[in-house]
Amino acid sequence: MESVINFLADYYIWFFVAAGVLLFALIGFIIDSKRKKKNTVLRIISGFLWLLALISMGYLCYLIYTANILPTKYYMILVGVMVFLILMFILFIRNKNSRAWILIICDIIFIPLIGITYFANDKLDDTLKFLKDNLNAKYETNIYNVVVNKNSNINSISDLNNKTIKLVNDMDDKTLLEKSINKKIKNSKLEYSENVAELLYEVKDNIETIIIVNSGNYDAMVEEDQEYTNSVKVLDTIEIKQRIENTSTGVDVTEDPFIVYLSGIDTRSGKLPAKSLSDVNILLVVNPTEKKILMVNTPRDYYVQLHGKTGLKDKLTHAGLVGGVNMSMSTLEDLYEIKVPYYVRVNFNAVVKLVDAIDGITLYNDQTRSFSCWTDRDCVFKPGNNKVKGKCALAFARERHAYTDGDRHRGENQEQVIQKIIEKVTSSKTLISKYSDILTSLNGTFETNITTEEITSLVKMQVDDMSGWTIDTYNVSGSDLYAYTYSYPSRE
């Protein structure tokens, strides 16, 4: 009932139009009767409605054809409706001998058809634009923080003119960054270091030091040292945007099993920088013919050999910091001896927006006691089911301190949140009433190398058989360890 009410609220104008047209049809019928005409006015009104219905239906057929999301058998039904409309025009509207009640019945058919096709066109237009804007990532953005000591008398970017600025030498976009610095800061002297950790510690301890570091490295330091922000201040950020080329994976997503790396990143900027900590690392193993999905969670602190690096191992989460999503994917490929062709990177803010857009989800606390989430003490989970909004869904997905098995249980929570979102989003009630809100909440909050064509082919396959999917989960385990890491070799 709520879905119907929301639909009426969004498209109430059509019901006024329908009532108005029927009123005009009635007036036309009365005028024709008094003039003893053969329903001339009524046929004009019916012809106008027929034209609107034909245009709206034709545009829907065009969108569906270009998007290639509907199986042939269903597409032919739409074509059949268009043929039926043409026959109605020939047999009834153009026929001067058609009775008034026949024309009114035609109008009654045309009005809801116009409304339905307008609704479908609107949603399909939004969907195609959303897919075009968010799929098949074309650019990546590196974000750099300009950092000084908290007690420094430098308070703005303009105060850096003629100053020495320290950077890390290991950067893919070094030339572009230097150009951006020169545009913002006059006569700066750039001094390069090989160790980002040393720079971050130096600016904390030295009032004269000025550094520019990748925002991911800064976030990692804040995570390691929660008092770090009390010792430094970020003056400004510099964004470097570069075009990337995605190569074909050679995968037929409707026939071949494939793997998608789901990376959940926690950035304090709320954006999607190319290099950042990956706090969620889930492999979605998809078998399209069997309609099965296996979610494999690898804890963020898994001690792994970073792809292409030698010497010290590192936390899995640091792979995204060192080499972005490709490094994370390659590291997981090395670990499990598999091939991962696709990725989806999602900012944590996306979870909050999406869950709020679908009016919350119900999460199950399997503990025998209540607990407050470490990242948000206002989010309290009692034993059993808990209906929550976005911020508490995120807090639940990040919780590890409430469990004896820590990170491993956090992975189970993350999988539960994903499953509950999928179940809620794919319900017909939610899709009808919240479709636009869902697209709006997701727009710009994720990036992926999956193409529009691959997504639409999966949609077409699903519409063709409408069978359900089975989702299983698996969480790898391990043991505790303090050790030195590749990213921060001077600290366990």
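Higher on the page you've got the structure.
Predicted model only: the values in this text are computed from it and were never measured.

**Things to note about the state of the cysteines**
Every disulfide links exactly two cysteines, by a covalent bond between their sulfur atoms. Evaluation of the coordinates by the stated rule reveals one disulfide. Between the sulfur atoms of Cys 379 and its disulfide mate Cys 392 the distance is 2.1 Å. Its S-S torsion of approximately -85 degrees makes the covalent link between Cys 379 and Cys 392 left-handed. Of this pair, Cys 379 sits in the loop between strand E13 (371-372) and strand E14 (380-381) while Cys 392 sits in helix H11 (residues 390-398); the two residues are 13 residues apart in sequence, bridging distant segments of the chain. Take Cys 61: it sits in no disulfide, and the sulfur closest to it among the cysteines is that of Cys 106, at 19 Å.

**Quick word on the sheet that holds strand E3 (residues 189-193)**
Judged by pairing direction, the sheet is mixed, and its five strands sit side by side in the order E3-E2-E4-E1-E5 without closing on themselves. Edge positions in the sheet fall to E3 and strand E5 (232-243), since each of these pairs with one other strand and no more. Across the sheet, the axes of successive neighbouring strands diverge by a mean angle of 25 degrees, strand direction being ignored. Sheet topology places strand E1 (residues 139-149) next to strand E4 (residues 210-214); five bridges connect them, and they run antiparallel. From the neighbouring strand, Val 148 faces E4, where its bridge partner is Ile 210. The strands that helix H8 (residues 215-224) touches are E1, E4 and E5; relative to E4, the one it contacts most, it runs at about 100 degrees.

**Considerations on helix H3 (residues 40-67)**
Taking 1.5 Å of rise per residue, the 28 residues of H3 would be expected to cover 40 Å, and the 41 Å separating its terminal C-alpha atoms lies within 8% of that figure. Looking one or two residues beyond H3, the residue adopting positive phi is Asn 68, at roughly 55 degrees.

**Comments concerning the sheet that holds strand E16 (residues 446-448)**
Within a beta sheet, neighbouring strands are joined by backbone hydrogen bonds and run either parallel or antiparallel to one another. With mixed pairing, six strands are arranged side by side in an open sheet as E16-E11-E6-E7-E8-E17. Each end of this open sheet is capped by a strand with a single partner; those strands are E16 and strand E17 (470-475). Looking at each pair of strands side by side, their axes are set apart by 20 degrees on average, direction ignored. Sheet topology note: the strand E6 (residues 258-265)/strand E11 (residues 342-347) ladder contains six bridges and is parallel. Residue Gly 264 lies in a different strand from E11, and its bridge partner there is Val 346. Together, E6, strand E7 (278-287) and E11 form the strand contacts of helix H10 (residues 348-357), whose direction differs from that of E11 by roughly 75 degrees.

**A look at the environment of Ile 154**
If you trace the backbone, Ile 154 turns up in the loop between E1 and strand E2 (164-168). The class of Ile 154 is buried, set by a relative accessible area of 7%. Those residues in contact with Ile 154 that sit more than four places away from it in its chain are Val 148, Asp 159, Leu 160, Lys 163, Ile 210, Lys 233 and Leu 235.

**Quick look at a nonpolar patch on the surface**
On the surface, a cluster of nonpolar side chains totalling about 430 Å² of accessible area is made up of Val 83, Ile 86, Leu 87, Ile 90 and Leu 91. Its place among the elements puts Leu 91 in helix H4 (residues 72-93).

The rules we used
Residues numbered from 1 in each chain as written. Predicted model: local features only at pLDDT ≥ 70, side-chain atom pairs only at ≥ 80, totals over all residues. Heavy atoms only, no water. Disulfide = S-S within 2.5 Å. Helix = DSSP H or I, 4+ residues; strand = E, 2+ residues; numbered from the N terminus. Pairing = 2+ DSSP bridges. Axes fitted to C-alpha atoms, helices over the stretch in contact; angles between N-to-C directions. Contact = heavy atoms within 4.5 Å. Expected span 1.5 Å × (residues − 1). Buried < 20%, exposed > 50% of the residue type's maximum accessible area, 1.4 Å probe, protein only. Patch = residues over 30% accessible without salt bridge, like charges linked within 9 Å, V, L, I, M, F, W, Y side chains within 5 Å. Areas by Shrake-Rupley, 256 points an atom, 1.4 Å probe, with all protein chains shown as cover. Salt bridge = Lys/Arg side-chain N within 4 Å of Asp/Glu carboxyl O.

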